[in-house]
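An overview of the molecular structure
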Amino acid sequence: MQILVTGGSGFIGSHFIRYSLNKYPDLRVINVDSLTYAAHPDTNKSLESVAPGRYQFVHEDITSPKVADLIRATPIDAIVNFAAESHVDRSILEPAIFVMTNIKGVENLLNAARKKGGVRFVQVSTDEVYGSLAPTDPRSVETSPMSPNSPYAASKASADLLVLANNKTYAQDVVVTRCTNNYGPNQFPEKFMPLLIANAIEGLPIPVYGDGQQVRDWIYVEDHCSGIDLCLRKGVSGEIYNISSDSEMKNLDVAKLVFKKMGKPETLLKFVGDRPGHDRRYGLDATKIINELGWKPAMSFEAGLEKTIEWYKKNEGWWKKLRGKEFYDYYSANYDVKFKTASTSGTP
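Below: a short report on this structure. The model shown is predicted, which means the values in this text are computed figures rather than measured ones. (Residues numbered from 1 in each chain as written. Predicted model: local features only at pLDDT ≥ 70, side-chain atom pairs only at ≥ 80, totals over all residues. Heavy atoms only, no water.)

1. Things to note about the overall build of the chain
Helix and strand counts for the chain stand at 13 helices and twelve strands. The C-alpha radius of gyration of the chain comes to 19 Å, within 12% of the 20 Å expected for a compact globule of 348 residues. With the principal axes as the frame, the chain shows a C-alpha extent of 55 × 45 × 40 Å. When burial is assessed residue by residue, the chain has 55% of its 348 residues classed as buried. For the chain, restricting intrachain contacts to residue pairs at least 6 apart in sequence, the fraction spanning at least 24 positions comes to 85%. Here the chain has roughly 14100 Å² of accessible surface; of this, 53% comes from carbon and sulfur atoms. Within the chain, one finds 41 positive and 41 negative side-chain charges whose respective centroids are separated by 2 Å. (Helix = DSSP H or I, 4+ residues; strand = E, 2+ residues; numbered from the N terminus. Rg over C-alpha atoms; globule rule 2.2 N^0.38 Å. Buried < 20%, exposed > 50% of the residue type's maximum accessible area, 1.4 Å probe, protein only. Contact = heavy atoms within 4.5 Å. Areas by Shrake-Rupley, 256 points an atom, 1.4 Å probe, with all protein chains shown as cover. Lys, Arg positive; Asp, Glu negative; His and termini not counted. Charge placed at Lys NZ, Arg CZ, Asp CG, Glu CD.)

Structural data, given as structure tokens:
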């Protein structure tokens, strides 16, 4: 089997490639990635050492005609699309980039796969397409209506609709997966979990939006990868599969748990004004993938958190490369200017 993975130098994509190459000795992977700011320069080198001769890297953007040419000219059995602009804050400030990559890029990949024929297309999506849940609402299922509230979520919902429409209109072989908040090693430090851990290591204030009572559903990245792999190999064409380990927690409680495990004071918390359109709660019901494909998560939240903290402690050189002047300038502007937030410590 040979698969083309887009966005394979990012956090989840790189873990998926490593997981797949380790699990399947006869698998070959082509990784197409444009190497945006969120891709670490060492990721590709480490992947090459995992499976010599079974991994190929192509530096290209998924919106490019060159990617369509590559798909048409290369023997592949499937495309797994991780490529996306994914940070909600950035989508609020620069939505056009998200429309280009997350919608036009998916259209480019879909069209090339359809014209080639015989290629399964797996779209890796997000729980954010369902929108915000109230505290007592049941968790979102695959048939729940989409109600995206950020430019990022809207762009992902649009891509999902394109993928599913191609199945209905052209009988194209597609599967959509939707997952909760991922965490684990190698995650770009603008995301909540690595930002918490890295800032705690450096003794820097940790920004928490609003009152910190927003609820997120957490999953260890390797559990997500195992779910995607099952959907790729056993998922029913035209279907959506939610992937969740049922680990809902308030952001403030996650921050306090990180502090406890790292021996850091809660005085590092810095409450800032809330993000515009900030969803209050996400929660996914994974009954379908559990019952139909036999998937189940292997990692508990606390065990995964401990592994993640230890990785960031042992790999400061990795994430510090990504926390240069541009990183700090962006966050300074983000919290103190563009979102008009309060630069105060303590309670909101």
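Picking up where we left off.
2. Quick notes on the packing of aromatic side chains
Tallied over the entire structure, the rule returns nine aromatic pairs. A ring pair is formed by phenylalanine 98 and tyrosine 152, whose centres lie 6.4 Å apart and whose planes are at 75°; its orientation type is edge-to-face. Within this pair, whereas phenylalanine 98 is found in helix α5 (residues 95-116), its partner tyrosine 152 is found in helix α6 (residues 151-170), the two being separated by 54 residues in sequence. With relative accessibility at 2%, the residue phenylalanine 98 sits in the buried group. You can call tyrosine 152 buried: its relative accessible area is 7%. Among the aromatic residues, ring-to-ring pairing joins Tyr183, Phe192, Trp218, Tyr220 and Phe301 into one connected group. (Phe/Tyr/Trp six-rings, centres within 6.5 Å; stacked < 30°, edge-to-face > 60°.)

3. Thoughts on the sheet that holds strand β9 (residues 215-220)
The sheet built from three strands is open, its strands ordered β7-β9-β11 with mixed pairing. Each edge of the open sheet carries a strand with a single partner, namely β7 (181-183) and β11 (248-250). Each neighbouring strand pair of the sheet contributes to a mean axis angle of 50°, computed without reference to strand direction. Both β9 and β11 contribute to a ladder of three bridges, which runs antiparallel. Its bridge partner being in β11, arginine 216 is matched across the sheet by methionine 249. In this fold helix α8 (residues 221-234) packs onto β7 and β9, with an angle of close to 75° to the strand it touches most, β9. Helix α9 (residues 251-262) rests against β9 and β11 of the sheet, and its axis sits at about 85° to β11. (Pairing = 2+ DSSP bridges. Axes fitted to C-alpha atoms, helices over the stretch in contact; angles between N-to-C directions.)

4. Thoughts on the environment of asparagine 111
Relative to the helices and strands, asparagine 111 resides in helix α5. Residue classification places asparagine 111 among the partly exposed residues on the basis of a relative accessible area of 25%. Expressed as a C-alpha distance, the spacing of asparagine 111 and isoleucine 62, which sit 49 residues apart in the sequence, is 12 Å.

5. Let's talk about the pattern of salt bridges
Note on pairing: side chains with opposite charge can pair once their charged atoms come close. For the structure on display, the rule yields 14 salt bridges. With a closest N to O distance of 2.9 Å, aspartate 173 and arginine 120 form a salt bridge. Of this pair, aspartate 173 sits in the loop between α6 and β6 (174-179) while arginine 120 is found in strand β5 (residues 120-126), placing the two residues 53 residues apart along the sequence. For arginine 233, the salt bridge is made with aspartate 229, and the minimal N-O distance between the two is 3.0 Å. (Salt bridge = Lys/Arg side-chain N within 4 Å of Asp/Glu carboxyl O.)

6. Some thoughts on the environment of proline 185
Here proline 185 shows up in the loop between β7 and α7 (192-202). Residue class for proline 185 comes out buried when judged on its relative accessible area of 10%. Residues in contact with proline 185, not counting those within four places in the same chain, are Phe11, His15, Tyr220, Thr308, Trp311 and Tyr312.

7. What to know about the nonpolar core
Of all hydrophobic cores here, the largest spans 32 residues; its most connected members are Ile3, Phe16, Val80, Ile228 and Ile289. Secondary structure elements with two or more residues in this core: β1 (2-6), α1 (11-23), β4 (78-81), β5, β6, α8, β10 (239-243) and α10 (287-293). A total of six residues in this core trace back to one element, the largest contributor, which is α8. What isoleucine 3 contacts, discounting residues up to four positions off in sequence, is Phe16, Leu27, Arg28, Val29, Ile30, Ala78 and Leu232. (Core = buried A, V, L, I, M, F, W, Y, C linked by side-chain atoms within 4.5 Å.)

8. Topic: empty space enclosed by the protein
The tally for this structure, following the rule as stated, stands at one cavity of 30 Å³ or more. The calculated volume of the largest cavity comes to roughly 40 Å³. Around the largest cavity, the lining residues are Ser9, Gly10, Phe11, Ser14, Ala38, His40, Thr43, Asn186 and Trp318. When the residues that make up the lining of the largest cavity are grouped by side-chain class, the tally is three nonpolar, six polar and no charged. (1 Å grid on protein atoms, 1.4 Å probe; cavity = no way out; pocket = protein on both sides within 12 Å on 5 of 7 lines; lining within 4 Å. Points joined across faces, edges and corners; volume = space filled by probe spheres on them. Nonpolar A, V, L, I, M, F, W, Y, C, P; charged D, E, K, R; others polar.)

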